[in-house]
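Coordinates in review
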Amino acid sequence: MKTDPNGSAGIGTNMEPFFPERIFSVATDGNQGSPRVLISPHRYIQGKDVLDHLGRYLSILPSRRPVALMTEGSRQRIGAKIEASLKQAGIEPRIEIFRGECSYEEVERIAGVVHQSGWAADSVIAAGGGKCIDAGKCVGFRLGVPAVICPTIASTDAPCSAVSVMYTPEGVGIGPEFFPNSPALVVVDTRLIASSPIRHLIAGMGDALATFYEARTCFRNPSGRNMVGARITIAALALAELCAKTVFEDGRKAIEAVRRGEIDSSVENIIEANTLLSGVGFESGGLSIAHAMAAGFTVIPTLHRDFLHGELVGIGLVAQLILERERDEARKVLSFLKDVGLPTTLDQLQLNIQRDANALLEAMTAAMKSPFANTEPFEVTPESLFSALIRADQMAGESVSR
Ligand SMILES: [Zn+2]
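Residues numbered from 1 in each chain as written. Predicted model: local features only at pLDDT ≥ 70, side-chain atom pairs only at ≥ 80, totals over all residues. Heavy atoms only, no water.

Turning our attention to the side chain of Ser123. Tracing the backbone through its elements, the reader meets Ser123 in strand 4 (residues 123–128). Using a relative accessible area of 0% as the deciding quantity, one classes Ser123 as buried. Within the local environment of Ser123, its side chain forms a polar contact with the side chain of Ser63, the two groups lying 2.9 Å apart. Excluding residues that lie within four positions of it along the chain, Ser123 makes contacts with Leu58, Leu61, Ser63, Arg65, Pro66, Val67, Val145, Pro146 and Val148. (Helix = DSSP H or I, 4+ residues; strand = E, 2+ residues; numbered from the N terminus. Buried < 20%, exposed > 50% of the residue type's maximum accessible area, 1.4 Å probe, protein only. Polar contact = N/O pair within 3.5 Å; in protein donor to acceptor, adjacent residues only side chain to side chain. Contact = heavy atoms within 4.5 Å.)

Written out as structure tokens, the structure reads:
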């Protein structure tokens with residue numbers, strides 16, 4: 001029987017929720033506030049065909065009895081590749097099919113199946129998109145074993161972080177679940193990611209671009225905090241800044257290269273920016289208005305259904321920069337978003353300011369409920385978010401007609 005460090009057995013040992021703020025946001029020097037904390041995965045491995053070497057990488061955990069979690073679609077796409085790689089290292093995984101929603105019900109179901117099977121798992125490999133990765137981190141936590149993350153797309157911040165975004169079985173957002181440990185391994189196969197629909201890579205750029213501006217806001221504001229409730233290291237700010245710089249410099253080139261079927265250094269750089277720099281950047285650097293707005297947007301059913309996270313973050317970022325009176329930066333971001341085909345106007349979000357004003361104001365009220373809405377040194381209200389959004393929409397329209 002598998003035991004956890006506290007001596008209790010198997011599943012159920014890690015059912016207590018973990019709250020990083022209770023540990024890290026505690027002031028360490030009188031009233032000067034919390035310490036600086038950097039959060040990152042133990043190992044990040046990126047390159048063409050690295051997934052073929054997964055078995056070798058698992059040896060550093062070490063793991064001999066992984067549970068591999070993937071959707072049916074991912075199993076057909078990469079299941080054989082993962083099994084072959086593990087087999088070469090003499091490892092046979094237990095494959096579990098992820099049914100698509102990162103809900104507590106699905107996580108408990110998978111952890112329960114593994115537990116009841118008697119399979120003494122020593123790691124959980126999550127191979128797929130954001131929801132599968134988030135579910136894998138949850139299952140690993142419940143089984144008391146490390147998570148190994150193999151993203152198939154580069155559109156989310158999920159791979160590197162010690163947090164999952166939870167949903168109801170119907171797909172309505174509930175909130176984050178935090179974990180005491182970051183993923184043990186993040187294995188990013190650039191050939192696999194470059195062969196996924198390019199919309200994901202582009203959406204990931206919108207998310208990655210925001211990382212720097214949001215971290216900068218949290219860093220500058222003495223009361224700004226990162227995802228674990230701690231102050232921001234200059235290392236995290238530098239990673240976030242490099243993230244934006246890389247996206248501006250290599251984003252357009254990477255899209256062209258992927259469209260030509262090539263994986264050059266710009267593609268490698270963008271995948272690293274979208275996955276590692278953006279992941280560590282947001283978790284250690286903190287989030288702000290861009291993500292609060294993106295969260296608020298999801299209360300509008302069509303936005304929730306038809307748009308990717310990074311597509312909504314991009315437009316939220318322009319509004320954040322307008323609120324911060326960073327007009328030149330707002331224009332620079334707008335021009336990039338347009339170049340790569342990310343939405344910048346309400347029209348592109350299939351919204352109309354007259355018809356949908358109430359829905360948008362409701363979305364901005366929802367945005368204010370996000371903890372990231374309170375990171376500015378000035379007061380932010382649903383109305384100020386709304387007018388920043390209208391201004392962002394106008395600014396995008398102006399530069400179109402110019
Ligand atoms: Zn994000």
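Bringing helix 7 (residues 198–220) into the picture now. Side chains that are three or four residues apart share a direction in an α-helix, a result of its 3.6 residues per turn. Between its terminal C-alpha atoms helix 7 stretches 34 Å, which fits the 33 Å expected from 23 residues at 1.5 Å a residue. Among the 23 residues of helix 7, 18 are classified as buried, and the element is accordingly described as predominantly covered. (Expected span 1.5 Å × (residues − 1).)

Another aspect to go through is the packing of aromatic side chains. A full pass over the atoms with the stated rule returns 3 aromatic pairs. Ring centres of Phe248 and Phe336 lie 5.7 Å apart, and the angle between their planes is 85°; on these two criteria the pair is classed as edge-to-face. Taken together, the positions of Phe248 in helix 8 (residues 234–259) and Phe336 in helix 13 (residues 327–340) put the pair 88 residues apart, joining distant regions of the chain. The ring of Tyr167 has Lys131 sitting right over it, with the charged end atom 3.9 Å from the ring centre. Lying across the ring of Phe248, Lys332 places its NZ or CZ 4.3 Å from the centre. (Phe/Tyr/Trp six-rings, centres within 6.5 Å; stacked < 30°, edge-to-face > 60°. Lys NZ or Arg CZ within 6 Å of the ring centre and 35° of its normal.)

Relative orientation of the contacting elements helix 7 and helix 9 (residues 265–285) amounts to 35°, with a least axis distance of 9 Å. Helix-helix and strand crossings are classified by hand; for helix 7 and helix 9 the assignment is left-handed. Of helix 9, the residues touching helix 7 (which contributes Leu201, Gly204, Met205, Asp207, Ala208, Thr211, Glu214, Ala215 and Cys218) are Ile270, Ile271, Ala273, Asn274, Leu277, Ser278, Gly281, Phe282 and Gly285. Of the residues that constitute the contact of helix 7 with helix 9, the class distribution is 10 nonpolar, 6 polar and 2 charged. (Axes fitted to C-alpha atoms, helices over the stretch in contact; angles between N-to-C directions. Left-handed = near helix turned anticlockwise from the far one by under 90°. Nonpolar A, V, L, I, M, F, W, Y, C, P; charged D, E, K, R; others polar.)

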